[in-house]
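Secondary and tertiary structure notes
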Amino acid sequence: MYLYPKWVRLWHLINALLFIILIITGVSMHYTGNKGMIGFAEAVKWHNIAAIILTANYVFFILGNALTSNGKYYKISRKNLFSDLKVQFRYNSYGIFKGEKQPFPVTMENKFNPLQKFTYVLAMYAGMPLLIISGIGLMFPDITVKRFFGVSGLVLVDFLHISMGFLLSLFMIIHIYKCTLGSKP
Ligand code: HEM
Ligand code: HEM
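1. A few points about helix α4 (residues 114-139)
The terminal C-alpha atoms of α4, which comprises 26 residues, lie 36 Å apart, in line with the 38 Å expected from a rise of 1.5 Å per residue. Along α4, the sharpest change in direction is near 35° and occurs at G127; proline P129 comes one to four residues later. Taken together, the buried residues of α4 touch α2 (40-67), α3 (81-93) and α5 (153-179).

The structure is reproduced here in structure tokens:
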């Protein structure tokens, strides 16, 4: 049996391609004063289209994890959580460069190492919902609160959106770097 079932591969391919489109169009909108990489109207159009498909694809991922055994890899147990994270962090930042053995080898029961699991849960169950909810808030500004403690609700939603977009883009860069690592250079 594969550790990465077909539906996870399909979800992931669509997700990665859409992320690239969303980053290019998002950054274009943000720096639109400098003409951006593409025009503002085009950037908004493609950002909206990619965002809607990404949201549907995210629902597909959540349902897939809820209805299949893949969901078990995302369950964090509090037992030894911090000590396991420390062991993996030490390996990632030191042991791997000294040729040490993986502290948590991949098995059918444990597809992800503790740090990988922690960041995947954070990205998929905290970062993505906040990115999508704030994106929907920008798409339909009428549904956002007008003012929050004297500050414009839309500015706060925009700040949340840009922050989540930035953090998840950072996650993606580290994620791609980590995926290129193996036992040989
Ligand atoms: C071009 C961009 C990307 C590449 C090349 C890439 C590569 C990979 C690879 C090789 C794996 C399998 C190894 C592993 O589990 O660590 C993986 C899994 C995964 N990636 Fe990515 N990734 C990309 C973008 C993203 C993005 C944007 C997200 C989410 C925001 C993401 C989330 C995940 C998750 C959650 C898994 C585990 C899926 C599962 O087995 O349940 N990836 N990725
Ligand atoms: C990798 C994912 C994403 C990134 C990096 C990203 C980034 C950005 C950035 C930088 C802006 C410009 C905001 C500003 O400069 O004030 C923006 C605007 C926006 N984003 Fe995203 N975003 C992402 C995903 C999404 C998603 C999932 C949605 C909806 C569900 C969404 C909906 C919107 C909307 C509606 C706008 C405002 C467009 C306008 O000005 O009319 N975005 N995004």
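2. Details of the confidence of the model for the protein
Mean pLDDT over the protein: 94, with 97% of residues reaching 70 or higher. Taken element by element, the protein is modelled with least confidence in strand β1 (residues 147-148), mean pLDDT 85, and with most confidence in α4, mean pLDDT 98.

3. Here's the deal with the site of ligand 1
Every one of the 17 residues lining ligand 1 counts as a neighbour, but A16, F19, Y120, M172 and C179 are closest to it. Breaking the shell around ligand 1 down by element, the ones donating at least two residues are α1 (6-30), α4 and α5. A breakdown of the residues in the shell around ligand 1 according to their chemical character gives 12 nonpolar, 5 polar and no charged. The residues that make up the shell around ligand 1 include at least three from each of domain 1 (1-75) and domain 2 (80-185).

Rules behind the numbers
Residues numbered from 1 in each chain as written. Chains lettered and ligands numbered in written order. Predicted model: local features only at pLDDT ≥ 70, side-chain atom pairs only at ≥ 80, totals over all residues. Helix = DSSP H or I, 4+ residues; strand = E, 2+ residues; numbered from the N terminus. Expected span 1.5 Å × (residues − 1). Bend = angle between axes of the 7 residues up to and from the residue. Contact = placed C-beta atoms within 7 Å. pLDDT = per-residue confidence, 0-100. Near = placed C-beta within 6 Å. Nonpolar A, V, L, I, M, F, W, Y, C, P; charged D, E, K, R; others polar. Domains from an automatic or database assignment.

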